[in-house]
Amino acid sequence: MTRFLKATGYAVGLPAILLTAWWFGSANSTNTFWPPLSTIIETFPTTWTWDRIVADVFPSLARLGIGFGIAVVVGIVLGTAIGLSPTLRALSEPVLEFFRAVPPPVLVPIIALFAGYTGWLGKIVTIALGCLWPILLNTVEGVRGLEPTLTDTAKSYRLSPWRRLVFVVLPGTSPRIFTGARQALSIGVILMVISELFGANRGLGAAIVQFQRSFAIPQMWTGVIVLGLIGVLLAALFKVVENRMLAWYLGQRQIDRGE
Amino acid sequence: MAITKAPLFTSRRAEAEPSAAAEGTSVALDLRGVQKTYDTPGRPQVEAIRHLDFSIRRGELVCVVGPSGAGKTTLLRSIAGLLDLTGGEVVLDGNVVTGPPEGMAVVFQEYGRSLFPWMTVRQNVELPLKEKGLDKATRREKVNRALEEVGLTEAAEQHPWQLSGGMQQRVAIARAVAYEPSVLLMDEPFAAVDAQTRAELEDLVRSLWKHLGVTVLFVTHDIDEAVYLGERVIVLSNRPTVLMEDVDVDLPAERDQLTTRSLARFGELRGHVYSLIQRAKRGDRPDAPLPASKGE
C-alpha cells in the first residue's frame, strides 16, 4: 500500500508542481495568448462536451487506431520477410534507408494530392506510413538479431517454417517489435494532428486550429491539454499491453541484471 | 603425469572397418572421410577437419575430446546437419545426413540460449513433439515422463530463466529425451555449470543412457568427464582435425563419482588420454587417415 502511494506520489508530483507554477505564473495575465490557467479550466467543460468529443476526438482516435494498426501488421509482415531473406534485404535496404530519412509530416501534402484532403483515407495513409518505418526497421533488426542457438535448436528439431515463425521468430522478435511500436505510436499521435491541419474538417487537430483562427485562445489551450492527456492515456495503455505480452522478456531481463 | 604404455589400450580402428557391412543394424552413426574447410570468399581459408572416420554402434555412449580449437563444435554441427561438409559423409541409421536428420536431438552448450525463454519448461519440451504430430494426450505423457526423468516435475510451469543453470540444462536434456532420438548429441553441455552440478548432470546422463538405451555422442574438452562417462573416448588432434586415437574405456558399467574416479584403471585411462591431448596440442597428428581407407 505504501509502495502504491509512493508510486502515485512520484507520478503526480511533477505535474502538480508544473500546474501550480502555471496557475500562479499566469494568474494575473492579461495577454490574450497566455490566458490564466483558471480561465482555461473554466472553459474546459463547456468546450469539451460529449458532442464535441464524439464529433472530434473519436474520429481522430479511430484514424490513429486504424493507421497504427495497419502499420503494425504491414511492418511485422514485411519486416519478418526482409529479416529472414538475405535477398529481400539486399533489394530493399537502399529504399528503406531513403524512406526512413524522409520526415513523415512532409508526406502529408503529397498523400493529400492522391488521397484527398478532407476524407479519412489521406489521414489514415499518412499515419500508417509514418508509423510503418520504426516498426518495419525494428522488426528487421529483431529477426536478424535472433539468438543463433535458438535458430539452431529450431532447425535441429526440424520445426516446420510455419512453427518456426510462430513459436520462434515472432516471439523472439517481439521485444524489438514493441520498441518500434512505441516509437510509432508517438509519431502516430503527431501525424494524427498534422494530418488534420490542412483543409477544413473535423478532428482534434482541426478543432485546435479552428479555435486558434477564431481567437478562441482559452479553448485552443484546452485542446492542447486534451492532446496531452490522450498521449498519457495511450502510453499507459501501451504499457499494459507490453507488460502482458513481454512478461517473459521483462522477467528475464530483471534476473539477468540482478535487479 | 605418468604416461602409460600405449599397447595397454586397444584401439578400435581395426574394428571400425567392417562397419559399412553391418550398416543399418548395429551402427547408429557412421562418419566416412568427413572433411570440413571453411572457405568464405574474402576471408582466410580455414581447414577445420582434415579427415575423420569413426562409427558409433547403437546404444553406445561415446565421448569426443580434443584440445581447444580441435574443431569439436564444427564436428558436432556437421553431424547435426547444421553445417555442410566439404567432403565425406555422415550416415545416421543408414541415411546420409544432408540437413538436420530425423531421429537426432542436440543439447547445446549454451543452455541459457537454447531454451525458448517465452515458453514454460513444459512448452519447451513439448514443441518438438508437436512437430512430430503427436496428439495432445501422448505429448503430455511424454513431457511428464521426460521431466520426471530429469527431476523437474515441479518446475514444469516455470519459465527457463527462473531456474538455475543446472536446471536449465536439465530442461534441454528433457526436451531431447522426450523427442526419443536414435542419437543424442551433446556439445560440451556442462561446460558452463559449477562442479557439483556438473557431477550430478554427468550421472544423470549415465543413468538416462542406461535407462533409455539411447545412443549418445558427448563432446567435451574435459578429459575426466570423457573417461568417466564414455564407453569409448575418441581423441581428436589439433586443427586440421584427424583422429588421434579411439580409446576403449574398460571401466565397470556401474559408475559413480567416488569409486569410479578412484579406480586405478580410471587413472590410467585418464593419463593416457591426457598424454594424447598433450601430443595433440603440440601439433602431433597421425598423417594417414585410417588404415582401412586408401589414404590421401
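Naming follows an unreviewed UniProt entry, where chain B appears as NitT/TauT family transport system ATP-binding protein of Demequina mangrovi.

The name given to chain A in an unreviewed UniProt entry is ABC-type nitrate/sulfonate/bicarbonate transport system, permease component, and the organism recorded there is Demequina mangrovi. A UniProt comment under Subcellular location (unreviewed entry) is attached to chain A, and it reads "Cell membrane".

**Comments concerning the sheet that holds strand β8 (residues 215–220) of chain B**
All names here are of chain B. What the ten strands build is an open sheet, ordered β5-β4-β1-β2-β10-β9-β3-β8-β7-β6; its pairing is mixed. In the strand order of this sheet, the two ends are held by β5 (95–96) and β6 (104–107), each with one partner. Strand direction decides the pairing type here: strand β4 (residues 87–92) and β5, joined by two bridges, are antiparallel. Paired with Val-91 across the strands is Val-96, a residue of β5. Of the strands in this sheet, β6 and β7 (183–187) are in contact with helix α6 (residues 165–178), which crosses β6 at around 175 degrees.

**Describing the pairing of strand β3 (residues 61–65) of chain B**
For a regular strand, side-chain orientation follows a simple rule: the groups alternate between the two sheet faces. Residue and element names in this part refer to chain B. Extensive coverage of β3 is indicated by the burial of five of its five residues. Burial along β3 is two-sided: Leu-61, Cys-63 and Val-65 and Val-62 and Val-64, pointing in opposite directions, are all buried. Where β3 meets β8, five bridges bridge the pair, whose relative direction is parallel. Bridge pairing in β8 links Cys-63 to Phe-218. Of the strand pairs in this sheet, β3 and strand β9 (residues 232–236) are connected by four bridges, and their pairing is parallel. Its bridge partner lying in β9, Val-62 is registered against Arg-232.

**Some remarks on the nonpolar core**
Soluble, globular proteins show a tendency: their nonpolar side chains are buried together. In this structure, Ile-173, Phe-218, Val-233 and Val-235 of chain B are the most contacted members of the largest nonpolar core, which totals 105 residues. Element by element, the count of residues in this core is highest for helix α8 (residues 161–194) of chain A, at nine residues. Judged by nonpolar contacts, the second largest core, of 30 residues, contains Ile-79, Val-90, Val-183 and Leu-243 of chain B.

**Describing the UniProt feature "domain: ABC transporter" (unreviewed entry) in chain B**
In this numbering, the UniProt entry assigns the feature "domain: ABC transporter" (unreviewed entry) to residues 29–263 of chain B. End-to-end, the C-alpha atoms of residues 29–263 of chain B are 31 Å apart, and along that stretch the chain is 35% helix and 27% strand.

**Notes on the interface of chain B and chain A**
Each side of the interface is counted separately: chain B has 28 residues, and chain A has 21 residues. Summed over both partners, the interface of chain B with chain A comes to about 2400 Å²; 65% of that surface belongs to carbon and sulfur atoms. In terms of surface lost to chain A, no three residues of chain B exceed Trp-118, Glu-131 and Trp-161 of chain B, which account for 32% of the buried area on that side. Taken together, the connections running from chain B to chain A amount to four salt bridges. In this structure, Arg-163 of chain A engages Glu-131 of chain B in a salt bridge whose closest nitrogen and oxygen atoms are separated by 3.2 Å. For the pair chain B and chain A, the interface holds seven residue pairs in polar contact (both at pLDDT 80 or more).

Reading the values: the criteria
- Residues numbered from 1 in each chain as written.
- Chains lettered and ligands numbered in written order.
- Predicted model: local features only at pLDDT ≥ 70, side-chain atom pairs only at ≥ 80, totals over all residues.
- Heavy atoms only, no water.
- UniProt positions renumbered as here; feature names shortened; annotations may be inferred.
- Pairing = 2+ DSSP bridges.
- Helix = DSSP H or I, 4+ residues; strand = E, 2+ residues; numbered from the N terminus.
- Contact = heavy atoms within 4.5 Å.
- Axes fitted to C-alpha atoms, helices over the stretch in contact; angles between N-to-C directions.
- Buried < 20%, exposed > 50% of the residue type's maximum accessible area, 1.4 Å probe, protein only.
- Core = buried A, V, L, I, M, F, W, Y, C linked by side-chain atoms within 4.5 Å.
- Buried area = accessible area lost by both parts, 1.4 Å probe.
- Salt bridge = Lys/Arg side-chain N within 4 Å of Asp/Glu carboxyl O.
- Polar contact = N/O pair within 3.5 Å; in protein donor to acceptor, adjacent residues only side chain to side chain.

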